[in-house]
Amino acid sequence: MAERFFAVNQMSFSKNDLPPKGASHYKALHLTVKCEGYYMKRVMLDGGSGVDICPLSTLQLMEIGTKRISPNNVCVRAFDGIKRDSIGEIYLIMTIGLVDFEVTFQVLDMDTSYNFLLGRPWIHAVGDVPYTLHQMVKFEHEDQEIVVHG
């Protein structure tokens, strides 16, 4: 009985899932999502990040006022190794694939190469499997496998 359960609840990737150019790339996994009515490119999935990050510049681009940011005392170590204090956190609704998620982001005032960074908090909450080699993410929603290509 246990084998049947695990066989039903598994996700896998195959050679057929590879991007057209195959495995000869070193690209990070970026998605395009809808957030608060705006389509946003350069949403990076990073399983190495312990927080979900929204740069202040992205909120400004989306014309979301700072009044929605709740102050907190979170300090984040950025990719460059420098510690930065979060301005606060903000809850945003993101549509990824056809599924809506409420995501809690740490807002940072810094230059980034992405509009949002989805790290382990979102990845683990959703039970998502991001795969940079195949440039896609898979997760289960309402007993269906959802696939979103980077």
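About the criteria used
- Residues numbered from 1 in each chain as written.
- Predicted model: local features only at pLDDT ≥ 70, side-chain atom pairs only at ≥ 80, totals over all residues.
- Heavy atoms only, no water.
- Salt bridge = Lys/Arg side-chain N within 4 Å of Asp/Glu carboxyl O.
- Helix = DSSP H or I, 4+ residues; strand = E, 2+ residues; numbered from the N terminus.
- Buried < 20%, exposed > 50% of the residue type's maximum accessible area, 1.4 Å probe, protein only.
- Patch = residues over 30% accessible without salt bridge, like charges linked within 9 Å, V, L, I, M, F, W, Y side chains within 5 Å.
- Areas by Shrake-Rupley, 256 points an atom, 1.4 Å probe, with all protein chains shown as cover.
- Lys, Arg positive; Asp, Glu negative; His and termini not counted.
- Charge placed at Lys NZ, Arg CZ, Asp CG, Glu CD.
- Core = buried A, V, L, I, M, F, W, Y, C linked by side-chain atoms within 4.5 Å.
- Polar contact = N/O pair within 3.5 Å; in protein donor to acceptor, adjacent residues only side chain to side chain.
- Pairing = 2+ DSSP bridges.

Novice: So what about the pattern of salt bridges? Which residues, and what values?
Specialist: One pass over the structure, following the stated rule, counts one salt bridge. Arginine 68 is the partner of glutamate 36 in a salt bridge, and the nearest nitrogen-oxygen pair spans 3.3 Å. Here arginine 68 lies in the loop between helix 2 (56-61) and strand 4 (75-77) and glutamate 36 lies in the loop between strand 1 (29-35) and strand 2 (38-45), a separation of 32 residues in the sequence. For glutamate 36, a relative accessible area of 31% corresponds to the partly exposed category.

Novice: Which residues make up a negative patch on the surface, and what values go with them?
Specialist: On the surface, Glu140, Glu142, Asp143 and Glu145 cluster together into a negatively charged patch. Taking the relative accessible area as the measure of exposure, aspartate 143 reaches 72% and is therefore exposed.

Novice: Break down the nonpolar core for me, citing the residues and quoting the values.
Specialist: One finds Met94, Ile96 and Phe116 to be the most contacted residues of the largest nonpolar core, which totals 31 residues. At five residues, strand 7 (residues 99-108) tops the list of elements feeding residues into this core. With nine residues, the next largest nonpolar core counts Val51, Val76, Met110 and Leu117 among its residues.

Novice: Break down the side chain of glutamate 89 for me, citing the residues and quoting the values.
Specialist: Among the secondary structure elements, glutamate 89 is positioned in strand 6 (residues 88-96). Buried and unpaired, glutamate 89 has no salt bridge, with arginine 68 as the nearest side chain of opposite charge at 12 Å. In this structure the side chain of glutamate 89 is engaged in a polar contact, spanning 3.1 Å, whose partner is the side chain of tyrosine 91.

Novice: Help me get a handle on the pairing of strand 7, residues and values and all.
Specialist: Of all the ten residues making up strand 7, seven are buried; the element is thus mostly covered by neighbouring parts of the structure. As paired elements, strand 3 (residues 53-55) and strand 7 share three bridges and run parallel to each other. The residue bridging proline 55 from the neighbouring strand is leucine 108, located in strand 7. As paired strands, strand 6 and strand 7 are joined by nine bridges and run antiparallel to one another. Along strand 7, the bridge assignment pairs isoleucine 96 with valine 99.

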